[in-house]
Amino acid sequence: MSSAAPRSAGRDHLWSVEEHLEDILTTVRPLDPIELQLLDAQGCVLVEDVTVPVSLPPFDNSSMDGYAVRVADVAGASEEFPAVLTVVGDVAAGRAGLLQVGPGQAARIMTGAPLPPGAEAVVPVEWTDGGLGGGPVSGMRARSASPEGATGEVRVHRPAPSRAHVRAKGSDVRAGDRVLEAGTVLGPPQIGLLAAIGRGTVRVRPRPRVVVLSTGSELVPPGEPLAEGQIHDSNSFALTAAARDAGAIAYRVGAVADDAETLRATIEDQLVRADLMVTSGGVSVGAYDVVKEALSHAADAEEDGGGVEFRKLAMQPGKPQGFGTVGPDHTPLLALPGNPVSSYVSFELFVRPAIRALMGLQDLHRPTARAVLRCDKALTSPAGRRQFLRGRYADGAVTPVGGASSHLVAALAHANALIVVGEDTESLEPDADVEVVLLG
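Residues numbered from 1 in each chain as written. Predicted model: local features only at pLDDT ≥ 70, side-chain atom pairs only at ≥ 80, totals over all residues. Heavy atoms only, no water.

### Considering helix 8 (residues 340–358)
Move 1: Helix length check: helix 8, at 19 residues, gives a terminal C-alpha distance of 25 Å against a target of 27 Å (1.5 Å per residue), a fit within 8%.
Move 2: Roughly 45° is the biggest bend found in helix 8, and it falls at Phe347.
Move 3: Positive backbone phi, approximately 85°, marks Gly360, located one or two places after helix 8. (Helix = DSSP H or I, 4+ residues; strand = E, 2+ residues; numbered from the N terminus. Expected span 1.5 Å × (residues − 1). Bend = angle between axes of the 7 residues up to and from the residue.)

So, in structure tokens, the structure goes:
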């Protein structure tokens, strides 16, 4: 999982976004592969190519409800001069012991049923009288209500070319074909394909287990009343949802009070179910920044190469960050700032790539695009800081949403992109060409 230790730098070193991310991705290692049942493997990443043991479909079968016939017997058939054939029985899907269709004969056949020997094509039931002796019918009567429909005669009103309405053996995939490549994320269609070719289990990297907790004595769970000076805990909900969106199995612990011993004990308790831990709040320079107090340069952790380092990054929002490993298994821990926008932007830039690296994916990052900036006046940005502004992207243009403040939760909820303003840019004029990170 995490075999390398995070780098350390001087107290006054200002880390770039790239340096911090590189340190995280150098430390995080993909999870070991395991064999899982198909439904348990949904959302996981394949670690080996999958080939087909048998062709799909495994036999020639009918794509329609109708009659299996010989082409010569229905040549020239019309409503005025129908071809009259003897019905020799039914061929239902899954039925063994196929009938033989000889000259002047037909077998009533259901969708998915094997094409019987001697038959060369299928005529839909709508092209026949359904064995009733009249004009074209719209469907078959249920066998339980009309068993005689599998015998007698049927009048066919239209000709059928060879292989008409027949799904050929191997027309989907052939035995030996590679149908899924290592690195594929297993969604519903891939799970269905694996089941169709007879695979009951599959070897994958499991979805990472991410434990999310927020810190702050002022935080109250949603649904509970607020006392003076309190706010509802939104970060743990947003980050847990973001972790799930990234592909993880996420566990929300909730808010931990501003007490270092309580936080350390909570983290120790949660390590048993964590491949990655994410905290929010308590990483700045205040007297109550409990995450920094509890985890910064812990002597017992440093002895075996672990520990969490707290850093300043050349970015806005999200300047204060923490990263390292904790516990006997060196579980990666990312400590994010507490302001909601800072926390979410930090997740997108650092935690999401870490989750996808644990999954063994090659594509770790959100897609980016170029866009025309739509705004009424120039946007300013602090020198030497990479700024990430919330925006609404559509049709090649992006419009800022809300201001630059890191507490604007409502503006964040209406954004679908981050506008990236480089470290060397202090002003962006309307209609400027900008880079945007697309949030989905």
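### Considerations on the sheet that holds strand 9 (residues 121–124)
Within a sheet, neighbouring strands are paired by backbone hydrogen bonds and run either parallel or antiparallel to one another.
Move 1: Taken in spatial order, the five strands line up as 9-6-8-7-10 in an open sheet, and their pairing is mixed. Looking at the sheet topology across the chains shown, the edges are occupied by strand 9 and strand 10 (153–156). Averaged over all pairs of adjacent strands, the angle between strand axes in this sheet comes to 40°, irrespective of strand direction.
Move 2: Inspection of the sheet shows strand 7 (residues 83–91) paired to strand 10 by four bridges, in the antiparallel sense. (Pairing = 2+ DSSP bridges. Axes fitted to C-alpha atoms, helices over the stretch in contact; angles between N-to-C directions.)

### Looking at the pairing of strand 27 (residues 417–421)
Move 1: Burial runs high along strand 27: five of the five residues are buried.
Move 2: The two faces of strand 27 match: Ala417, Ile419 and Val421 on one face and Leu418 and Val420 on the other face are all buried.
Move 3: Of the strand pairs in this sheet, strand 25 (residues 386–394) and strand 27 are connected by five bridges, and their pairing is antiparallel. Considered in strand 27, the bridge of Leu389 is made with Ile419.
Move 4: As defined by bridge partners, strand 27 adjoins strand 29 (residues 433–438) across four bridges and the pair is classed as antiparallel. Within the sheet, the bridge partner assigned to Ala417 lies in strand 29 and is Leu438. (Buried < 20%, exposed > 50% of the residue type's maximum accessible area, 1.4 Å probe, protein only.)

### So, the packing of helix 1 (residues 17–27) against helix 8
Move 1: Packing of helix 1 against helix 8 brings their axes to within 10 Å, and their N-to-C directions diverge by 25°. The angle between helix 1 and helix 8 places the two elements in the roughly parallel class. Handedness of the helix 1/helix 8 crossing: right-handed. Counting all contacts with helix 1, which are made through Val17, His20, Leu21, Ile24 and Leu25, the residues of helix 8 involved are Leu349, Phe350, Pro353, Ala354 and Ala357.
Move 2: Partitioning the contact of helix 1 with helix 8 into residue classes produces nine nonpolar, one polar and no charged. (Parallel < 35°, antiparallel > 145°, perpendicular 65-115°, else oblique. Left-handed = near helix turned anticlockwise from the far one by under 90°. Contact = heavy atoms within 4.5 Å. Nonpolar A, V, L, I, M, F, W, Y, C, P; charged D, E, K, R; others polar.)

### Overview of the confidence of the model for the chain
Move 1: Of the residues in the chain, 93% reach a pLDDT of 70 or more, and the chain-wide mean stands at 91.
Move 2: Overall, residues 298–302 carries pLDDT values under 50, and its contacts beyond four positions in sequence, including any with other chains, amount to three contacts. (pLDDT = per-residue confidence, 0-100.)

### Some points on the pattern of salt bridges
Move 1: Evaluated as defined, the whole model comprises 18 salt bridges.
Move 2: One salt bridge in this structure joins Arg370 and Asp433, with 2.7 Å as the shortest N-O distance. Taken together, the positions of Arg370 in strand 23 (residues 368–373) and Asp433 in strand 29 put the pair 63 residues apart, joining distant regions of the chain.
Move 3: Among the salt bridges present, the one from Glu423 reaches Arg386, with a minimum N-O distance of 3.1 Å. Here Arg386 lies in strand 25 and Glu423 lies in the loop between strand 27 and strand 28 (427–428), a separation of 37 residues in the sequence.
Move 4: Members of the salt-bridge network, linked through shared partners, are Asp245, Glu348, Arg352 and Arg366. (Salt bridge = Lys/Arg side-chain N within 4 Å of Asp/Glu carboxyl O.)

### Points about the packing of aromatic side chains
Move 1: Enumeration over the complete set of coordinates arrives at zero aromatic pairs.
Move 2: Just above the ring of Trp127 sits the side chain of Arg158; from NZ or CZ to the centre is 4.1 Å.
Move 3: In this structure, Arg311 is placed above the aromatic ring of Trp15, and the distance from its NZ or CZ to the ring centre is 3.7 Å. (Phe/Tyr/Trp six-rings, centres within 6.5 Å; stacked < 30°, edge-to-face > 60°. Lys NZ or Arg CZ within 6 Å of the ring centre and 35° of its normal.)

### Some points on the packing of helix 4 (residues 235–245) against helix 8
Move 1: One can describe the packing of helix 4 onto helix 8 by two numbers: an axis separation of 10 Å at closest approach and a directional angle of 25°. Put simply, helix 4 runs roughly parallel to helix 8. Taken as a pair, helix 4 and helix 8 cross one another with a handedness that is right-handed. Taken together, the residues of helix 8 that come into contact with helix 4 (itself represented by Asn235, Leu239, Ala242, Ala243 and Asp245) are Pro340, Ser343, Tyr344, Phe347, Arg352 and Ile355.
Move 2: A breakdown of the residues in the contact of helix 4 with helix 8 according to their chemical character gives seven nonpolar, two polar and two charged.

### As for the pairing of strand 25
Move 1: Pairing of strand 20 (residues 315–316) with strand 25, which is carried by two bridges, proceeds in the parallel orientation. Its bridge partner lying in strand 25, Gln316 is registered against Gln387.
Move 2: Across four bridges, the pairing between strand 25 and strand 26 (residues 397–400) is antiparallel. Residue pairing in the sheet places Arg392 in a bridge with Thr399 of strand 26.
Move 3: Two successive antiparallel strands, strand 25 and strand 26, enclose a turn made up of two residues, where Asp395 displays a positive phi of approximately 55°.

### Here's the deal with the environment of Asp424
Move 1: The residue Asp424 is located in the loop between strand 27 and strand 28 in this model.
Move 2: The exposure class assigned to Asp424 is exposed, which follows from its relative accessible area of 79%.
Move 3: Each C-alpha atom of the pair Asp424 and Arg385 lies 7.8 Å from the other, and the pair is 39 residues apart in sequence.

### Regarding the sheet that holds strand 22 (residues 331–336)
Move 1: Reading across the sheet, the seven strands line up as 1-19-21-22-18-14-17 and stay open at both edges, with mixed pairing between neighbours. Looking at strand neighbours, the two that pair on one side only are strand 1 (14–15) and strand 17 (249–256), the edges of this open sheet.
Move 2: Of the strand pairs in this sheet, strand 14 (residues 209–215) and strand 18 (residues 276–280) are connected by five bridges, and their pairing is parallel. From the neighbouring strand, Ser214 faces strand 18, where its bridge partner is Ser280.

### What to know about the environment of Ile249
Move 1: Topologically, Ile249 is positioned in strand 17.
Move 2: The sequence separation of Ile249 and Val210 amounts to 39 residues, and the corresponding C-alpha distance is 6.1 Å.
Move 3: When residues no more than four places from it in sequence are discounted, the contact partners of Ile249 are Arg207, Pro208, Arg209 and Val210.

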